[in-house]
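Spelled out from the first residue to the last, the chains are:
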Amino acid sequence: MDLRIFTEPQQGASYDTLLTVAKATEDLGFDAFFRSDHYLRMGSADGLPGPTDAWITLAGLARETRRIRLGTLMTAGTFRHPGVLAIQVAQVDWMSGGRIELGLGAGWFEEEHLAYGIPFPKERMGRLEEQLAIITGLWGTGAGGTFDFDGTYYRLTDSPALPKPAQARVPVLIGGHGAVRTPRLAARYADEFNLPFASIEDTVRQFGRVREAAARAGRAPDDLVYSNALVVCVGKDDTEVARRAAAIGREVDELRANGLAGSPEEVVDRIGRYAETGCSRIYLQVLDLDDLDHLELISSAVQSQLG
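Our subject in this report is the structure included herewith. (Residues numbered from 1 in each chain as written. Predicted model: local features only at pLDDT ≥ 70, side-chain atom pairs only at ≥ 80, totals over all residues. Heavy atoms only, no water.)

Re empty space enclosed by the protein
Threshold: Residues are said to line a cavity or pocket when one of their atoms sits within 4 Å of a point; the points come from a 1 Å grid over protein atoms alone, cavities being sets where a 1.4 Å probe fits but cannot get out and pockets being open sets with protein on both sides within 12 Å along at least five of seven lines. Grid points are joined across faces, edges and corners, and a volume is the space filled by probe spheres set on the points. Numbering of helices and strands runs from the N terminus; a helix is a DSSP stretch of H or I covering at least four residues, while a strand is a stretch of E covering at least two. Note on residue categories: nonpolar means Ala, Val, Leu, Ile, Met, Phe, Trp, Tyr, Cys or Pro, charged means Asp, Glu, Lys or Arg, and polar means any other residue, Gly included.
Scanning all chains against the criterion turns up one cavity of 30 Å³ or more. Considering only enclosed or pocket space, the largest cavity measures out at about 80 Å³ in volume. When residues of the lining of the largest cavity are traced back to their parent elements, those giving at least two are β10 (225-234), α8 (238-247) and β12 (281-286). Residues of the lining of the largest cavity, tallied by class, amount to six nonpolar, two polar and three charged.

So, the packing of helix α1 (residues 15-27) against helix α2 (residues 54-64)
Defined as follows: What counts as an axis is a line fitted to C-alpha atoms, over the stretch in contact for a helix, and the angles between N-to-C directions run from 0 to 180 degrees. Oblique is the label for any angle not under 35 degrees, not over 145, and not in the 65 to 115 range, which are roughly parallel, roughly antiparallel and roughly perpendicular in turn. Two helices cross in a left-handed way if the nearer one is turned anticlockwise from the farther one by less than a right angle. They cross in a right-handed way if the turn is clockwise. Here, two residues are considered to be in contact whenever any of their heavy atoms come within 4.5 Å of each other.
Where α1 meets α2, the closest approach of the two axes is 10 Å, and the angle between their N-to-C directions is 45 degrees. Overall, the two elements α1 and α2 adopt an arrangement that is oblique. Helix-helix and strand crossings are classified by hand; for α1 and α2 the assignment is right-handed. Taken together, the residues of α2 that come into contact with α1 (itself represented by Tyr15, Leu18, Leu19, Ala22 and Lys23) are Thr57, Gly60, Leu61 and Glu64. For the contact of α1 with α2, the class distribution of residues is five nonpolar, two polar and two charged.

Observations regarding helix α5 (residues 125-140)
The condition that has to hold: Residue count minus one, scaled by 1.5 Å, sets the expected span of a helix. Only protein chains enter the area calculation, which uses a 1.4 Å probe; residues under 20% of their type maximum are buried, those over 50% are exposed, and those in between are partly exposed.
Counted at 1.5 Å a residue, the expected span for α5 with its 16 residues is 22 Å, and the 22 Å between its end C-alpha atoms agrees. For α5, a buried count of 13 out of 16 residues is recorded, marking the element as mostly surrounded by other parts of the structure.

Considering the side chain of Arg219
Let me state the cut-off plainly: Positive charge is attributed to Lys and Arg, negative charge to Asp and Glu, and no charge count is given to His or to the chain ends. By convention in these notes, a salt bridge is any Lys or Arg side-chain nitrogen within 4 Å of a carboxyl oxygen on Asp or Glu. A 3.5 Å cut-off defines polar contacts: any pair of N or O atoms within that distance qualifies, except that in protein one atom must be a possible hydrogen donor and the other a possible acceptor, and neighbouring residues in sequence count only when both atoms are side-chain atoms.
Looking at the element boundaries, Arg219 is found in the loop between α7 (200-216) and β10. There is no salt bridge for the buried Arg219, and the closest opposite charge comes from Asp223, which lies 4.1 Å off by N-O distance. Side-chain polar atoms of Arg219 contact the backbone oxygen of Ala186, separated by 3.5 Å. Within the local environment of Arg219, its side chain forms a polar contact with the backbone oxygen of Ala190, the two atoms lying 2.7 Å apart.

Considerations on the packing of aromatic side chains
Heads up, the rule is: Between the rings of Phe, Tyr and Trp (Trp by its six-membered ring), a pair exists once the centres lie within 6.5 Å; its type follows the angle of the planes, with under 30 degrees stacked, over 60 edge-to-face, and the other angles tilted.
Across all of its chains, the model carries six aromatic pairs by this definition. With centroids separated by 6.3 Å and ring planes inclined at 80 degrees, the aromatic side chains of Phe193 and Phe207 adopt a geometry described as edge-to-face. Here Phe193, found in strand β9 (residues 192-196), pairs with Phe207, found in helix α7; they are 14 residues apart in sequence, far enough to count as distant. Judged on exposure class, the residue Phe193 and its partner Phe207 are both buried. Through a chain of ring-to-ring contacts, the aromatic side chains of Tyr39, Phe79 and Tyr116 assemble into a single cluster.

Below is the structure:
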């Protein structure tokens, strides 16, 4: 089971804070550092000092880390033109020495679009499908060739399809709870399917849909990595669990029901139940980015038991 650290900087984090967490992620032996792609806080958080851009952040971290994978859960398709995003991701991949992964979603948080003057189109899944076709098409075009695309939402003509990423293929992540279009897109374009904040029962159901869609598309279902994203709150004892839950404004019982919370032994057991669904990677949503002792405990007492 791979454990990856997943952050939500829109809730309040400077670049320096994210750099500190990313370096701890690397030093403590976690597999990757991922971040959300949002420009507006959610809930009661103050969001200070203000939003940081996902790909600018990852470009900086690419030069400051050496081993961990870096990526997004998920880049909002409404924020960037796919041709521009393909260039950005390819460049950051070179800056990292080939450690970048692209999670791409349709975008959903209308308020942040209104707050920063970003168009929020009604038909976003159709746009996402074209974005995936364009980005993978640009990267997959042979050297010296050109790429054209004539879709409903985007048109590219005689693109030199440059630059290419450092990796032969940047892993593409697609995720979500959609019952029909999401599995179909994952089957066609994804290297990994991610299900965020889902119960074990819902995970079994959605992974099954993706596997069925892959088989219908003529693809071996096991070609994809299946992963979950879950909030994490681990403590050496009940008092420490309660303190960490309070720090992020959550209730312990709710976290135990909907995330990975409790003692290291409890969390290891729950991870094992997700592993039985076919999940081989978990993104640990860490909400208190100043609590580096939390990461150290997870590394020493949870990750160490997972082999």
